[in-house]
Amino acid sequence: MVIGLALIEVRGVSYSYPDSPSPCLIDVSFSAEEGEFILVTGPSGCGKTTFCKCLNGLIPNSYGGSFTGDVLIDGIPTTSSPIHEIARRAGLVFQNPENELFCTSVEREVAFGPENLALPREEIRRRVSEALSTVGISHLMHKSPEELSGGEQQKVAIAALLAMKPKVLVLDEPTANLDPVSAKSVISVLSRLNASGVTIIIVEHRLEMLAEIASRCMILDCGRIALDGSPREVLYSDLAERIGVGIPKAIVVAKRLGRGLPGDRPLSSRELASALRRGEAA
Amino acid sequence: MIVVRDVSYAYEPGRQVLDSVSLSIGDGELVALIGENGAGKTTLVKHFNGLLKPQRGTVTVDGTDTREATVATLARKVGLVFQNPDHQLFAETVEKELSFALANFGVPAGEASRRVEWALEAFELGEYRNRSPLTLSGGERKRLALASVLCYDPQIIVMDEPTTGQDSRQKSRLASLLTRLNDSGKTVITVTHDMEFVAEFIPRTIIMSRGKVLADGRSADLLVNRAYLESASLLPPQLAEISWELGLAEPSIDLEAVVNAVRGARR
């Protein structure tokens, strides 16, 4: 890591897609430190996906369009660094894993990235088995991605990135197509990865699944960062309500109960219950 | 009215995806079909418009046995919106996508263009009318797929996971659209994992598990029933979970009821 720089530095980024009259991101500045777990949300079309694609250089390198500003990942600028250098630092997981998996077995899928880094065979094997065991799918190693469930496929996509040993994982609505139980299981994988030091940036509409886990929450609106702070600050703010993100029901109930509620602003039903119990005891 | 009697179906021998399913859905009902992945929800709704025919038992739509009708005939009555819009969208532009079925069903041009305009407006797709569906975002493609079915005005609308990728504002718009369709007498059946959406907007719920109907009743009753939710691997809606965490005597999926119960208990 370069001294004095955060792991991710986004400086004054504005971006318009080719042939699009209006910009998708407007003067976005943002930095993330190693180890953060950042929940990004906002209305459809607010620029969340575009923001994600800037973080691994897909924008502007593969998309073209009009890009100004700088994005530095672990000190290297995305616009002037080779893709394999960026890929070792930041991995991007998309909404629909079907669109990104293409190998005939899970093992080959996960080995694909490290093979392209021309790593020694033993090292590739080690990374594949480590990545699979980290996300808890070692038993699927010899299966074809096609025969897996959506949740399992999404875990394969995550493992494939982990094999590159990135410092940051950027996930764009990774659970949108999953049933609630699979979604919860993918999120617990992310939570474990974060605990082991991987920085997580995740776009999600279902805030209740992540409010308690995230260390930071950012709301984008109309291509700009509207709110950025701890989940408690951001999700309890009137602006979040006005922008119209799906505020978790525990927060809605807590706000309705008003000032009578003791302690910290609860983020989950569990926290709400314990705040109420403390209130009764007091 | 859809009547499913003792229907079984297997894509491959020995692996029953539907196992003696019986249920009926009356005209003008608003129903959610929930259950874990692989429970048989999508397979069941594909029987409603004749895409699949029962291997055992019968499915009738307004008295017509689906085995005796073509998909083209049934599709006019039962509009099915698929889970993945990419399996459905194919036209060069948004506008052509919307008018395709109308032309096929022989809707007169004037009427067809009125309906296309309605759909562009109702689903906030107007600015994209000349764009290729492929250039739209996931959430927008999803809305287009729904719009293209609603355009030809089927009596029964079946939606597979309509809220995927929609933000909370689009979800509320979708909910008010469903309510309006329902008020105008349409039957609306929603296959979904989105428990919050069901809890807030859909009065009747059918829970499926391993090819069978596990429970069928009022959403307000079923979604606070731990035993049902657990045996179908479903997570409770947040308000049900809050009710349990708070130990409320009457768990509820209604915000006002939960707030009042807590206030009452603290007094």
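Residues numbered from 1 in each chain as written. Chains lettered and ligands numbered in written order. Predicted model: local features only at pLDDT ≥ 70, side-chain atom pairs only at ≥ 80, totals over all residues.

I keep staring at the overall build of chain A and nothing clicks. Help me out?
Each helix and strand in chain A was counted, giving eleven helices and ten strands. Taken over C-alpha atoms, the radius of gyration comes to 20 Å for chain A, in line with the 19 Å a tight globule of 282 residues would show. Considering only C-alpha atoms, chain A reaches an extent of 60 × 45 × 35 Å along its principal axes. Split into buried and exposed, the 282 residues of chain A put 48% on the buried side. (Helix = DSSP H or I, 4+ residues; strand = E, 2+ residues; numbered from the N terminus. Rg over C-alpha atoms; globule rule 2.2 N^0.38 Å. Buried ≥ 20, exposed ≤ 12 C-beta atoms within 10 Å, placed from the backbone.)

Quick question: what am I supposed to make of the overall build of chain B here?
Across its full length, chain B carries eleven helices and ten strands. The C-alpha atoms of chain B give a radius of gyration of 20 Å, which matches the 18 Å a tight globule of 267 residues would have. Taken over the C-alpha atoms alone, chain B extends approximately 65 × 45 × 30 Å along its principal axes. Expressed as a percentage of its 267 residues, the buried residues of chain B come to 47%. Long-range contacts, defined as pairs at least 24 residues apart, comprise 61% of the intrachain contacts of chain B with a sequence gap of at least 6. (Contact = placed C-beta atoms within 7 Å.)

Is there a simple way to think about the domain arrangement of chain B in this case?
Residues and elements named next belong to chain B. Split into domains, chain B comes out as domain 1 (2-236) and domain 2 (237-267). For domain 1 and domain 2, the distance between their C-alpha centres works out to 31 Å. Contacts between the two partners involve eight residues from domain 1 and, on the opposite side, nine residues from domain 2. Elements with a contribution of two residues or more to the side of domain 1 that touches domain 2: α7 (195-201) and α8 (219-222). The element best represented in the side of domain 1 that touches domain 2 is α7, accounting for three residues. Residue classes in the side of domain 1 that touches domain 2 are distributed as six nonpolar, one polar and one charged. (Domains from an automatic or database assignment. Nonpolar A, V, L, I, M, F, W, Y, C, P; charged D, E, K, R; others polar.)

Is there a simple way to explain the interface of chain B and chain A in this structure?
In many analyses, interface size is given as the accessible surface area lost on bringing the parts together. Between chain B and chain A, the contact holds 27 residues from the first and 31 residues from the second. Listed by contribution, the elements that provide at least two residues to the side of chain B that touches chain A are α5 (138-150), α6 (168-183), α10 (238-245) and α11 (255-266) of chain B. Top contributing element to the side of chain B that touches chain A by residue count: α10 of chain B, with five residues. Of the residues assigned to the side of chain B that touches chain A, the class counts are ten nonpolar, twelve polar and five charged.

I would appreciate a short explanation of the packing of helix α5 (residues 121-135) of chain A against helix α6 (residues 150-162) of chain A in the present structure.
Between two packed helices, the angle of one axis relative to the other and the distance separating the axes together describe the packing. All names here are of chain A. Between α5 and α6, the shortest axis-to-axis distance is 9 Å and the interhelical angle comes to 140 degrees. Considering the angle they form, α5 stands oblique to α6. α5 and α6 meet at a crossing whose hand is right-handed. On the side of α5, the interface is formed by Ala 131, Leu 132, Thr 134 and Val 135, while α6 contributes Lys 155, Ile 158, Ala 159 and Leu 162. Class assignment of the residues belonging to the contact of α5 with α6 gives a composition of six nonpolar, one polar and one charged. (Axes fitted to C-alpha atoms, helices over the stretch in contact; angles between N-to-C directions. Parallel < 35°, antiparallel > 145°, perpendicular 65-115°, else oblique. Left-handed = near helix turned anticlockwise from the far one by under 90°.)

Would you mind going over α5 of chain B with me for this structure?
Within an α-helix, residues lying three or four positions from one another point in the same direction, as the helix has 3.6 residues per turn. Across its 13 residues, α5 of chain B extends 19 Å between first and last C-alpha, which sits within 8% of the 18 Å expected from 1.5 Å per residue. Burial within α5 of chain B is extensive, with 13 of its 13 residues counted as buried. (Expected span 1.5 Å × (residues − 1).)

What is the right way to look at the domain arrangement of chain A in this model?
Under the domain assignment used here, chain A contains domain 1 (1-81 + 168-180 + 194-245), domain 2 (90-165) and domain 3 (248-282). Here the C-alpha centroids of domain 2 of chain A and domain 3 of chain A sit 41 Å apart.

Just checking my understanding: could you explain the sheet that holds strand β6 (residues 90-93) of chain A for this structure?
The strands that make up a sheet are held in pairs by hydrogen bonds between backbone atoms, and each pair lies either parallel or antiparallel. Residue and element names in this part refer to chain A. One open sheet accounts for six strands, arranged β6-β7-β8-β3-β9-β10; its pairing is mixed. With one partner strand each, in any of the chains shown, β6 and β10 (224-229) form the two edges of the open sheet. Neighbour to neighbour, the strand axes of the sheet diverge by 15 degrees on average, direction disregarded. Strand direction decides the pairing type here: strand β3 (residues 37-41) and strand β8 (residues 199-203), joined by four bridges, are parallel. Its bridge partner lying in β8, Ile 38 is registered against Ile 201. Along the sheet, helix α1 (residues 48-55) makes contact with β3, β6, β7 (168-172), β8 and β9 (216-221), crossing β7 at roughly 155 degrees. Contacts from helix α7 (residues 180-195) reach β3, β7 and β8 within the one sheet, and its direction differs from that of β8 by about 150 degrees. (Pairing = 2+ DSSP bridges.)

What should I look at first to understand the pairing of strand β3 (residues 30-34) of chain B in this one?
Each regular strand displays side chains that alternate between the two surfaces of the sheet. All names here are of chain B. Counting buried positions along β3 yields five of five residues, so the element is predominantly enclosed. In β3, alternate side chains face the same way, and those of Leu 30, Ala 32 and Ile 34 on one face and Val 31 and Leu 33 on the other are all buried. One ladder, built from four bridges, connects β3 with strand β8 (residues 187-191); its direction is parallel. Bridge assignment links Leu 33 to a residue of β8, and that residue is Val 191. For β3 and strand β9 (residues 204-209), the ladder comprises four bridges, and the chain directions are parallel. Pairing of Leu 33 across the sheet is with Ile 206, part of β9.

Which parts of the structure should I look at to understand α5 of chain A?
Residue and element names in this part refer to chain A. In this model α5 runs 22 Å from its N-terminal to its C-terminal C-alpha over 15 residues, within 8% of the 21 Å that 1.5 Å per residue would give. Among all positions in α5, only Arg 127, Val 128, Ala 131, Leu 132 and Val 135 are buried. Buried residues of α5, seen end-on, are gathered within an arc of 125 degrees and therefore sit on one face of the element. Summarising the geometry of α5, the exposed residues directed more than 90 degrees from the buried face are Glu 122 and Glu 123. (Arc of directions from axis to C-beta.)

Looking at this structure, I do not really get the sheet that holds strand β4 (residues 66-73) of chain A. What am I missing?
All names here are of chain A. The four strands are arranged β2-β1-β4-β5 in an open sheet whose pairing can be described as antiparallel. Single-partner strands in this sheet number two, and they are β2 (25-32) and β5 (76-77). Sheet analysis places β4 next to β5, joined by two bridges and oriented antiparallel. If you follow Leu 72 over to β5, its bridge partner there is Pro 77.

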